[in-house]
Every structure is written in structure tokens, then in C-alpha cells.
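Topology and contacts: notes
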Number of protein chains: 2
Amino acid sequence: MLDKNHPLPIYFQLKELLREKIASGEWKPGDMVPSERELSEQFHISRMTARQALSELATEGLLRREQGRGTFVAEPKIEHGLTRLTGFTEDMKARGLRPGARVIRLELITPPLLAMQALQISPETKIVLLERLRLAEGEPIALETSHLHFPGVEALLNEDFENHSLYSILSEKYQITPARAVQKIGADLCSQREQALLNIGEGAPVLRNKRITYDQWGRPFEYTESAYRADRYVFQAELNAS
Amino acid sequence: MLDKNHPLPIYFQLKELLREKIASGEWKPGDMVPSERELSEQFHISRMTARQALSELATEGLLRREQGRGTFVAEPKIEHGLTRLTGFTEDMKARGLRPGARVIRLELITPPLLAMQALQISPETKIVLLERLRLAEGEPIALETSHLHFPGVEALLNEDFENHSLYSILSEKYQITPARAVQKIGADLCSQREQALLNIGEGAPVLRNKRITYDQWGRPFEYTESAYRADRYVFQAELNAS
DNA sequence: CTTCTATACTGGTATAGACCACTGAACCAC
DNA sequence: GTGGTTCAGTGGTCTATACCAGTATAGAAG
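Remember, predicted model here, so these are calculated numbers, not experimental data. Position numbers for residues start from 1 in each chain and track the written sequence from start to end. Think of it this way: whatever chain is written first is A, whatever ligand is written first is 1, and the rest follow in order. Totals for whole chains, interfaces and linings use all residues, but because this is a predicted model, local features are given only for residues with pLDDT of at least 70 and pairs of side-chain atoms are given and counted only at 80 or more. With hydrogens and water stripped out, all remaining heavy atoms of the structure feed into the side-chain values.

What follows deals with the pattern of salt bridges. Residue and element names in this part refer to chain A. When a carboxyl oxygen of Asp or Glu lies within 4 Å of a side-chain nitrogen of Lys or Arg, that pair is called a salt bridge. Going through the model one piece at a time under the given rule, you end up with 50 salt bridges over all chains. Residue Glu36 pairs with Arg51 through a salt bridge whose shortest N-O separation is 2.7 Å. Note that Glu36 is positioned in helix H2 (residues 36–42) and Arg51 in helix H3 (residues 47–59), a separation of 15 residues in sequence. Note on Arg51: relative accessible area 31%, which makes it partly exposed. The shortest N-O distance in the salt bridge between Arg208 and Asp188 comes to 2.9 Å. One end of the pair, Arg208, is in strand E8 (residues 205–214); the other, Asp188, is in strand E7 (residues 180–189), with 20 residues separating them in the sequence. Only protein chains enter the calculation, and the probe is 1.4 Å; a residue is then buried if its accessible area is under 20% of its type maximum, exposed if over 50%, and partly exposed in between. Judged by its relative accessible area of 23%, Arg208 is partly exposed. When salt bridges with common partners are traced through the structure, they connect Lys15, Glu16, Arg19, Glu56 and Glu60 into a single cluster. Numbering of helices and strands starts at the N terminus; helices are DSSP runs of H or I of at least 4 residues and strands are runs of E of at least 2.

Pasting the structure below:
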């Protein structure tokens, strides 16, 4: 099972092994995992080495340790999803709604000022503009205007954004993983254009969201302005004291 | 410095000691802290014990470890403040504005349905209702309606909420620390009452926030509905992938 | 001067052993 | 049955030691 001559440390190999047992469902939440002494005998390693693996997994939230009782597989956290970074598609699915999209604009443009600042680029840099009407159960919910910039961004012009989500295309084809986003959320009255596209009344309120999204290396690759129908959408957030 | 007979573990005492050095500013971000071997000699403890203290502080983000170089005080994170739990007062101060409050209602009531569910109480339970007009630089920004419930909540009726923030009173006098909050943020048109109090035009948009706040033991103690002037306030949030 | 090398640091990993505090069950006395 | 004790097993703490891997520097070699 564990290779003492492997370049990776033993405790790390053990962590991966335990992680796999949990991910595969072989060990379910609430199950007791082998004790430190059992693991150290079974794998012929020191108790402290086994302990390091268990402790780190406990810190990561996968295990729960109880003095005098044992170490158990932790219950999966419910909390998240409120402060987790997702796109419209995943957001709607989490709400139990069928997401959809109608592409309105998809073209190479020179960036407007706000997008330029958000994406930290010069005025000459060409970016991709993607405007989509977002649907839930076939009904218009939001108007999303995305400004995208990264090496080779032009290739996006040939993608199908009506049947695939932006984030899934970016991660699968372009190896860009959204890692962090900062949003500003405000209220406003809808514009005439929004009124027509979202099929709402004149002077109806909308929730406006301006989001800058950063990739796994901390580089901003997306600046999106959205207008959500106020009667169909609320933004959920979780705050912590720490 | 460290007491080996103290009920608290040595590594824990050492952690607190190091934490204090950092909090007091004696050690500044980027400074190198004593090496594991130095600490073990200085305090006559095992290197592994010193190591545990340093490792845990590194996990918490206070220290940064570099193999071959040493252990350093970490740069304070900028990120937070966006997803950190604060009340109106602290929020405004963070935006560089002078906060204020005008109490409109402060009374003991039977809870409305939404407050009942949020606070997980029965219809007979009396709660304190606190309605405040919130100001920034003397100008109305938001109308906050707070429903409060905890043992001895009636005492709040005698507090001065115009010169002290709710959260500061709760933590200083009632030992209630806001630890976590869940919010739903939506857009809407202002009501007639809000229009008058906030001094905005008829049909002006407002940002509505419904917040449930939990104390350090995970018990909900506050349910607040707020209406913010859309022209003066945007909500900021940070999202992470993990 | 540059380049290599030895050396003395740093944190990272791993061992073996010891004692503590807590839990739960088995057992015994009443 | 009730209440206490004993005991084995668990994680928590701590020691002492060893070697590995990465970093910086001083000094030797070119």
C-alpha cells in the first residue's frame, strides 16, 4: 500500500489513501476510521506519522476527532454554496431550476473603461464580449454581459454558449479555473433594453451585479455586469466573524 | 515564560505567546521568527513541541514557513472585510463614512412569522423590535428593522441605540458575539414609508437585505430586514472556489 | 573576476517511547 | 436495578533523536 522509498512522504501517501476511501464512499460519514495505533501497525509506520495524516485531514474538515472515542468521517458541510463561486448555470441548478442561455452578442471588441480597469489591460488589447440572456425554466431571469481576456481568448468566438456554460468551457478547453471573484451588488431600475429582453414592466427594479473573476493564478480573466429580475432572484451570502 | 505544570499544553502556551508578539507589533510582517531549534533551546522544550506551535500558526495564516530559510510573520490578508460579518456601524466606518442612527421604534412585541421561523421560537415568545433609520454623514442611507431574541432580551429596551451600535452593546454588555450570518439580498421599489424616511423619490429602487445572525454557540439571536437606498449603497461580496 | 564546494543553518519527515485525559463497557458490591 | 470501580482503547501531549531537503554564505579553485 505505502511505499517508503516513494518521493512523496509517507504521511502524504496515507492521507491520499484515506481521502480515497472517503471519496469512494467505502467509508461513510459517521463511520469510525482505524485508530492511530491500528494504522501504525497495519502499515508498519510510527504512530506519529499516522497521527500527522489523520490530524491534517481533520484540519481540512474531512475527519472529526474525539478524544477517548476515535476518529470519524465528518459529515459533509452544508454551509457552502452560499459563498461559493459559481456561474449562472450552477447557481440555477443549485436552486433546482433548469438553466438556459440565449446569446445576444459574441464579438471581439476594444474594452470599455470599467472592463479595462477590472481586467488590468491596456486600451489596445482586444477582448471578447459575450452578452447572454439567461433563463430559468425557459423564462428570462437575467441579462449577463461578460468581458473576457486571456491568451488566446479569440477562440471563444467559435464556442457554443447556448448549450454549454462559460465556466465549463473555460475549465475544460482552456484550463482556466475560476478561483476567486469580487462582486458589487446594487439595486436599480431597469433600462428600456432590459425591460424588453427580460419581459418586465417599465420601471421595474433589477439587481445589478458587477463581478471580477480571477483564475487559479490570481489573474483577472472576466468582468461581468449582470441585471437580474428582482421579482425572480435574490442573492444569498454568508458572513463569518473571523 | 512557559509553565510545564500549567493545565494548558505547552505548545498552546507557546502559540499564545507568539500570537501576542505578532498582535502587539513587536514582530512585524516579513520578520523572521526564531527557528524551531532556537525556540526549543530557549524554552527548554522539545523541537517537535515548538514545531507544533509554529505549524499550527502557519496553518492559521499568521506565519509563513519556507524550507531552508526560516519562519516568517505573514503579511496580513487584504481579502477580508468583504465577506466579514459586521453591522452597519462598522460597515460604514470601513467605507470611510461617519455612521449614525435614529431610533424609530424600540418595543417588546410578539414576533411576526418570518422572525419566528428565523429565530426558531414559538408564537408566544416575546421579542424586542428595534427599528432604526441609519445615517452616513448625517444623511439617511437605510431603514433597519431588527428582531432580537435571547435570554434577558427585555433589558435592551433601556439601551441607547443612537450613540452605540447594536453589536457593540450585545458583545460588551450581553456577551453575545455575532459569529455567522446568512443574508438574502434582493432589489425592490421603496414603500411609501421608506420613501419618506429615506428622503427618496417615489418609486425609487432599494436594496433589501434579510439577515439571520447567529451567536458564538450557533443560536440565532437576530433577524433583520433592511432597505438601503440604491443610489448610495452597494453590497460587496467575495466568492471562493473551494 | 567567476564558479564550484564545503558548511552551517533552515524547515520537513520519520522513529520509538512515554504519560495523560477521556470514553465506554464489563464487572462487582449493594 | 443502581451505583461505583476497573480496565482496555482512544486521541492529546511531549521528549529525544535521526536523517533528508532546501538555502545562504564563506572560502577555495579556476
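This is not the end of the story, as more comes after the structure.
In this section: the protein's contact with DNA strand D. Distances are taken per atom, and a residue is near a molecule or strand as soon as one of its heavy atoms is within 4 Å of it. As a structural note, the neighbourhood of DNA strand D is formed by 28 residues, with Arg47 and Thr71 of chain A together with Ile10, Ser46 and Thr49 of chain B the closest of them. The sugar-phosphate share of atoms of DNA strand D within 4 Å of the protein amounts to 65%. Under this definition, polar contacts are N or O atom pairs within 3.5 Å; protein pairs additionally need one hydrogen-donor-capable and one acceptor-capable atom, and for neighbouring residues in sequence, both atoms have to be side-chain atoms. The backbone of Gly68 of chain A places a nitrogen or oxygen atom 3.0 Å from a base nitrogen of DNA strand D. Take Arg47 of chain B: an N or O atom from its side chain is 3.3 Å from a base nitrogen of DNA strand D. Mapped by element, the contributors of at least two residues to the surface near DNA strand D are H2, H3, strand E2 (63–66) and strand E3 (70–73) of chain A together with helix H1 (10–23) and helix H3 (47–60) of chain B. Sort the elements by how many residues they give to the surface near DNA strand D and H3 of chain B lands first, with four residues.

To continue, consider the environment of Glu131 of chain B. All names here are of chain B. Position of Glu131 among the secondary structure elements: in strand E5 (residues 127–136). C-alpha separation for the pair Glu131 and Leu2, spaced 129 residues apart in sequence, amounts to 50 Å. Any two residues having at least one pair of non-hydrogen atoms within 4.5 Å are treated as being in contact. With residues up to four places along the chain from it excluded, the contact list for Glu131 reads Arg102, Val103, Ile104, Arg105, Leu143, Glu144, Thr145 and Arg193. A polar side-chain atom of Glu131 sits 2.7 Å from a polar atom in the side chain of Arg193.

Here we come to the packing of helix H1 (residues 10–23) of chain A against H3 of chain A. For any two helices packed against each other, one specifies the inter-axial angle together with the distance between the axes. All names here are of chain A. Think of each axis as a best-fit line through the C-alpha atoms, taken over the contacting stretch in the case of a helix, with angles from 0 to 180 degrees between the N-to-C directions. Closest axis-to-axis distance for the H1/H3 pair is 8 Å, and the angle between their directions is 50°. In terms of orientation, H1 lies oblique with respect to H3. Crossing geometry of H1 relative to H3 is assigned as right-handed. Facing Ile10, Tyr11, Leu14, Lys15, Leu18 and Arg19 of H1, the residues of H3 in contact are Thr49, Ala50, Gln52, Ala53, Leu54, Glu56 and Leu57. Oblique is the label for any angle not covered by the other classes, which are roughly parallel (under 35 degrees), roughly antiparallel (over 145) and roughly perpendicular (65 to 115). We call a crossing left-handed when the near helix sits turned anticlockwise from the far one by less than a right angle, and right-handed when that turn is clockwise.

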